[in-house]
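Here are the chains, one letter per residue:
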Amino acid sequence: MEDDAPVIYGLEFQARALTPQTAETDAIRFLVGTQSLKYDNQIHIIDFDDENNIINKNVLLHQVGEIWQISASPADKGVLATCYNRTSDSKVMTCAAVWRMPKELESGSHESPDDSSSNTQTLELLCHLDNTAHGNMACVMWEPMGDGKKLISLADNHLLLWDLQESSSKAVLSNSAALEGKGQLKFTSGRWSPHHNCTQVATANDTTIRGWDTRSMRQIYCIENAHGQLVRDLDFNPNKQYYLASCGDDCKVKFWDTRNINEPVKTLEEHSHWVWNVRYNHSHDQLVLTGSSDSRVILSNMVSISSEPFGHLVDDDELSDQEDHHQEEKTKEPLQDSIIATYEEHEDSVYAVECSLVYRNQCRGGLRSCSYQVVQFMLYKNR
Amino acid sequence: MAAAALGAGGGPAGPAEAEAAEPRRRPHGMLKLYYGLPDPAAGEAGRAADAGGPTDINGPRFDPEAFLTKLQKECPLAQLMDCETDMVKQIRALDSDMQTLVYENYNKFISATDTIRTMKNDFKRMEDEMDGLAANMAAITESSARVSSTLRDRHEQIAKLSGVHTLLRKLQFLLELPARLTRCVELEAYGTAVRYHGRARAVLHHYRHLPSFHGIQADCQVIMAGLAQRLRQRFRDGGSGAKDLAECVELLLELEEPAEELCDEFLAHAGARLAAELDTLEAELGPPGGAPTCDILEFTDRGCNSFVGNLCLVIASYQELFVSRAGAAPIAPMARAKLATFVEGLLGRYFGLVERRVQLEKGVGDSSLLVRALDRFHRRLQALEQLLPGAGSASEGTAIVERAARARVAQYLQALRGFYQDCLTDVRQALAAPRLAGKEGPGLAELLATVSASLLGQVKAVLGYVHLFTARDVAFSNKPYFKGEFCSQAVREGLVVGFIRAVCGTAQQFCEAPGDRGGTAPPALLLLLSRLCLDYETSTISYILTLADEQFLVQAEVAGTPGSVLCAEARAAAQRLLTHYVRVQGLAVSQMLRKSVETRDWVGTIEPRTVRAVMKRVVEDTTAIDVQVGLLYEEGVRKAQSSDSSKRTFSVYSSSRQQGRYAPSYTPSAPMDTNLLSNIQKLFSERIDIFSPVEFNKVSVLTGIVKISLKSFLECVRLRTFGRFGLQQVQVDCHYLQLYLWRFVGDEGLVHGLLDEIVASAAHRCLDPVPMEPSVVEVICERG
């Protein structure tokens, strides 16, 4: 690696919403949604050219409100969904909608960053996910391996399955489930499992993690008190179908085997404040990235519970080196779980971290974190 | 003449003596010469002069002519004259000598002649008598021959008769033998019977082809078999004590019973009795799972006295009978081997029982009873070992003692841990006990002191108990194991170090324990344990280790875990506990704040009139925590406080800084400005490290908790959208916190910074950011 320093990209507004562009397979591209109560919010499309260490950006206007969550369609590069706050009078309502970005931006433009601000374009609304009956939208998830026709959204205590019809211009509620129980139950976060033919969804509400079957919309497992306090985020291991990572306000990151939910498989206690976000690396599932409001991003190497227990932490630049390296590694002992890196460049809390889906030469990728107040946007190269 | 001959026959004397006797011998020499005998003295003299040459006057080949010529030629006149006179003198002396001799011999000759004459007469008479005697003897011989020829027949008859007599007596003995044996058997004179039978056995065996003898032999055999049977019976009944038994065995051996069988039987018999004793012992173990019927000392006593004692007796008598008895040499190896297996088997069972009994000894109090019991057991085995070297009984016994000691130490460790757990449970109960109004329960400090003191007391007591194992008056304490390994490994490493580790380990468990899945340890317990571990680090560990090392004389070179390692462990545990305490308390307060922020409608709220109750609660809780921590930890250092810290109001930032930041401005450049402003401000304010490591003092602990709480508050605020009054409420709340929280933390700037941040964030998330007048804020807060 030629340069360890993060590439920093400043945003004008605060931002919490970050997602890799799932349908993009060549470029390292992220979408960032901003939060501003007073001005028009934006969606930044950020390309990272890892060879030259350069960032290219495009800005789209998102005029309906501040973005709390964003997710890109797995099938169509130009389609994305957002959860946004709509304020009217003294009411704040979180809604969700599916958008299409202008055609020319789909594959990423390479215009110079300087003049990008001059011609901001607007997103084209495809459809609203109508939630008037269900309450505030907490998050929207696309079917991970699907054709971009299915969505699940979490609204207060409802789990809603949507079908997009007529080239995504219409969203039909095809199925739903509601969380029943004492008090006001509210989903905080969810994740659609890429395994089991995409029939499982995990959700978090308060300290509980639940698994759902999307066919029957029934609960399949429930981890009560998964964390001591609120669960903030979940992620599925991309390669091991029963493994699930969760993080929460008790500063812990836990790894679960959903077949045996009595005890976590592993617990990390590296952060000193709420852990907002946890992400597996898509190619090497021993790499787990966490972001916390203690302003740190931690990259952990969880070899012992990965699908590559003998440590295949590819770290080479050249393909030619790999052969030798492979042999070396075969003789190694199984590696210990460890922290690979702690990124402390953030000035404030880190609310979102993501790993790029794209890995070049199996050795590079972007991981990105989004920080609040100072509106820093840091892009780390994964070493 | 005879004397001279005798003298010559005396043999040649040594040369010195010959010279000394020269003058006296000379006449004898002359005589010898006369009789033609060789004269050794003369020969020597001649050799001295000229070796008996013609000039030697005493030589046999003396030539007067040559002598004279020599004298005339060699000697001067005076010498010649001297020689002449000398010669004349000698000649004269010789003449007189000769005369005397002649006279003497003449007399002797005459008397000899007389004697011979008388002898001649006597002999004649004797010859006659001898003739008479010969005639008489012939007559006697003749008559004797006659007598003997007449007596010969009679003599032969008598000899035959006497032979027959003896034979008959023997036969009679044999014939009477069965009856005699029967009588003996009836009289229980088994010894006599065996002796009789022994005498007759060979004969009977020899003549067994004769029917009558065969009959006798058969009878005898039957009787003897019966006898043997009876002996065996007696042997088997064995009621009559060792001596009787020995006699039985001896007799049986004489009866040529197979020794091996006897050994077996003897051992089997003894074995049965010993096994019965073992059964009794086993019965004393009590029912499985139940309590033993008597204490261990009694048990061991019984075991030693009955079983080991009898075993010793059996071994001794066995050895006497089969091994060391004269004539037992051929069977000794076999017998020895049998004895070895026998003893091994029994001892195996005995050891098994003892071990089981020792294992039952679960008490964790005074171990003197156990030690005494083990000591007795061990001593007794020493005796056995002396009796039967090579049986390995002593070493096995020592091994049992070692195992028992080890098990005991393990039990003590277990007990200590249990005690520690009980202490913790007590503490938890004391902490959980409802407090009576106005009356505080036992304070944390007292609880800590109690726990600490009772733990130390317990450790000391246990060390005392364990020390008994190495007491000087206990026999096994000078075994190498008890001198070395027991002290260093079992006691120091196993017990002391193990306990200290357990203390730290158990304490640490509260950090990771089911923590977030119910059953959380009360924070006060964490705090108390943290202090306990810290105390261990500073003093207790070294004290306990020194105590153990002194009591058990642990050699420095074998000493295992050094105190410093344990201290480090304890410190790490203390650190972890305290960190965990901070985290737990911080998160608890956070939770409260989060709930309060999340559940409120901040957009449509009304104008703030009071501080929200939850803030008061936060301050109360923090104060309580402060008191709690203050009981156990020192104050710690604060940064220099600004003189007006309590008086500091929001005016500082609400007027100067806030104005710039919150001023409603709808120009497009405004957001950049606020961002810029806040960024610049950030550059100047210190970065707040939310979680710097906690130090062991009150201020640091409280700072940590306050930091976590405020940070959580901040995060919650950032998740919400506020109306104008929502922002103003946050302003009021923050001012209130500002008024009360600064006193808890080391660096009040930190609190200010975080609270500023909260208000700034709220303003940022506000739809209509119009801040409240600082004076109003103050009034509201003071009213609350």
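What counts, and at which threshold
Residues numbered from 1 in each chain as written. Chains lettered and ligands numbered in written order. Predicted model: local features only at pLDDT ≥ 70, side-chain atom pairs only at ≥ 80, totals over all residues. Heavy atoms only, no water. Helix = DSSP H or I, 4+ residues; strand = E, 2+ residues; numbered from the N terminus. Buried < 20%, exposed > 50% of the residue type's maximum accessible area, 1.4 Å probe, protein only. Contact = heavy atoms within 4.5 Å. Areas by Shrake-Rupley, 256 points an atom, 1.4 Å probe, with all protein chains shown as cover. Phe/Tyr/Trp six-rings, centres within 6.5 Å; stacked < 30°, edge-to-face > 60°. Lys NZ or Arg CZ within 6 Å of the ring centre and 35° of its normal. UniProt positions renumbered as here; feature names shortened; annotations may be inferred. Core = buried A, V, L, I, M, F, W, Y, C linked by side-chain atoms within 4.5 Å. Patch = residues over 30% accessible without salt bridge, like charges linked within 9 Å, V, L, I, M, F, W, Y side chains within 5 Å. Salt bridge = Lys/Arg side-chain N within 4 Å of Asp/Glu carboxyl O. Pairing = 2+ DSSP bridges. Axes fitted to C-alpha atoms, helices over the stretch in contact; angles between N-to-C directions. Parallel < 35°, antiparallel > 145°, perpendicular 65-115°, else oblique. Left-handed = near helix turned anticlockwise from the far one by under 90°. pLDDT = per-residue confidence, 0-100.

Undergrad: Would you take a moment to explain the overall build of chain A for this structure?
TA: Counting its secondary structure elements, chain A contains two helices and 29 strands. When burial is assessed residue by residue, chain A has 61% of its 383 residues classed as buried. Once local pairs closer than 6 in sequence are excluded, the contacts in chain A between residues at least 24 apart make up 52%. Carbon together with sulfur atoms contributes 43% to the accessible area of chain A, which is approximately 14,400 Å² in total.

Undergrad: When you look at the overall build of chain B in this model, what are you seeing that I'm missing?
TA: The secondary structure content of chain B amounts to 25 helices and zero strands. Across the 784 residues in chain B, those meeting the buried criterion constitute 42%. Nonlocal contacts in chain B, meaning residues at least 24 apart in sequence, comprise 80% of its contacts between residues at least 6 apart. Roughly 41,200 Å² of accessible area belongs to chain B as shown, and the carbon and sulfur atoms make up 59% of that amount.

Undergrad: Help me understand the packing of aromatic side chains in this model?
TA: Between two aromatic rings, the relevant description is the distance of the centres plus the angle of the planes. Counted by the stated rule, this structure contains ten aromatic pairs over all chains. Summarising the aromatic geometry, the rings of A:F187 and A:W212 are spaced 6.3 Å apart at their centres and angled 75° between planes, so their arrangement reads as edge-to-face. Of this pair, A:F187 sits in strand β15 (residues 187-192) while A:W212 sits in strand β17 (residues 208-213), and the two are 25 residues apart along the sequence. Per residue, the accessibility class of A:F187 equals that of A:W212, and both read buried. Ring geometry for B:W602 versus B:F722: centroids 5.1 Å apart, planes at 55°, classification tilted. Taken together, the positions of B:W602 in the loop between α18 (563-598) and α19 (613-632) and B:F722 in the loop between α22 (698-718) and α23 (724-741) put the pair 120 residues apart, joining distant regions of the chain. With relative accessibility at 1%, the residue B:W602 sits in the buried group. The ring centre of B:Y633 lies 5.1 Å from the NZ or CZ of B:R531, which sits over that ring.

Undergrad: Even after reading the chapter, I still don't get the UniProt feature "repeat: WD" (unreviewed entry) in chain A, so can you show me in this structure?
TA: In the numbering used here, UniProt assigns the "repeat: WD" (unreviewed entry) feature to residues 224-260 of chain A. Counting secondary structure, residues 224-260 of chain A comes out at 0% helix and 46% strand; the distance between its end C-alpha atoms is 13 Å.

Undergrad: Please explain the nonpolar core as it appears in this structure.
TA: Proteins that are soluble and globular tend to have nonpolar side chains buried together. Among the nonpolar cores identified, the biggest contains 196 residues, and B:F307, B:F322, B:F342, B:Y350 and B:F486 are the most heavily contacted of them. Sequence-distant contacts of B:F486, that is, excluding residues within four places in its chain, are made with B:A405, B:V409, B:V466, B:F469, B:T470, B:Y481 and B:V491. Grouped together as the second largest cluster of nonpolar side chains are 17 residues, A:L126, A:M137, A:L160 and A:A171 included.

Undergrad: Could you clarify how one ought to interpret a nonpolar patch on the surface in this entry?
TA: Residues and elements named next belong to chain B. Taken together, the side chains of M119, F123, M126, M130, L133, M137 and I140 make up a nonpolar region of the molecular surface, amounting to roughly 690 Å² of accessible area. In this structure, M126 sits in helix α6 (residues 77-187). Given a relative accessible area of 44%, M126 falls into the partly exposed group.

Undergrad: Whenever I open this one, the sheet that holds strand β25 (residues 297-301) of chain A confuses me. Can you help?
TA: Strand pairing in a sheet relies on backbone hydrogen bonds. The paired strands run either parallel or antiparallel. Residue and element names in this part refer to chain A. Reading across the sheet, the four strands line up as β23-β24-β25-β26 and stay open at both edges, with antiparallel pairing between neighbours. Two strands in the sheet have a free side with no partner beyond their single neighbour: β23 (275-280) and β26 (338-343). Averaged over all adjacent pairs, the angle separating strand axes in this sheet is 20°, with direction ignored. Two elements, strand β24 (residues 287-292) and β25, share five bridges in a ladder whose sense is antiparallel. Considered in β25, the bridge of T290 is made with I298.

Undergrad: When you look at the packing of helix α15 (residues 444-467) of chain B against helix α17 (residues 523-552) of chain B in this model, what are you seeing that I'm missing?
TA: For any two helices packed against each other, one specifies the crossing angle of their axes together with the interaxial distance. All names here are of chain B. Contact pair α15 / α17: the axes reach a minimum separation of 10 Å and the direction vectors enclose 25°. In terms of orientation, α15 lies roughly parallel with respect to α17. In this structure, α15 crosses over α17, and the sense of that crossing is right-handed.

Undergrad: Teacher, can you tell me more about the sheet that holds strand β18 (residues 218-223) of chain A here?
TA: Residues and elements named next belong to chain A. The strand order β15-β16-β17-β18 describes an open sheet built from four strands, whose pairing is antiparallel. Sheet topology places β15 and β18 at the edges, where each strand pairs with a single neighbour. Averaged over all adjacent pairs, the angle separating strand axes in this sheet is 25°, with direction ignored. As paired elements, strand β16 (residues 200-205) and β17 share six bridges and run antiparallel to each other. When the bridges of β17 are listed, Q200 appears paired with D213.

Undergrad: Just to check I follow, could you spell out the environment of A:S307 for this structure?
TA: All names here are of chain A. The topology assignment puts S307 in the loop between β25 and α2 (319-331). For S307, a relative accessible area of 30% translates into the label partly exposed. Once you skip the residues sitting within four places of it in the chain, S307 turns out to touch N239, K240 and D285.

Undergrad: Help me understand the confidence of the model for chain B, please; the structure alone is not making it clear to me.
TA: Interpretation of this model should avoid reading the predicted coordinates in detail wherever pLDDT is low. All names here are of chain B. On average, residues of chain B score 75 in pLDDT, and 78% of them reach the 70 mark or higher. Mean pLDDT per element in chain B: helix α20 (residues 651-662) is the minimum at 36, and α6 is the maximum at 89. Residue range residues 41-49 is modelled with pLDDT below 50. Its contacts to residues more than four positions away, or to other chains, number eight contacts. A low-confidence stretch, residues 641-674 (pLDDT under 50), is modelled with 55 contacts involving residues beyond four sequence positions or located in other chains. Across the predicted assembly, pTM comes out at 0.66 and ipTM at 0.82.

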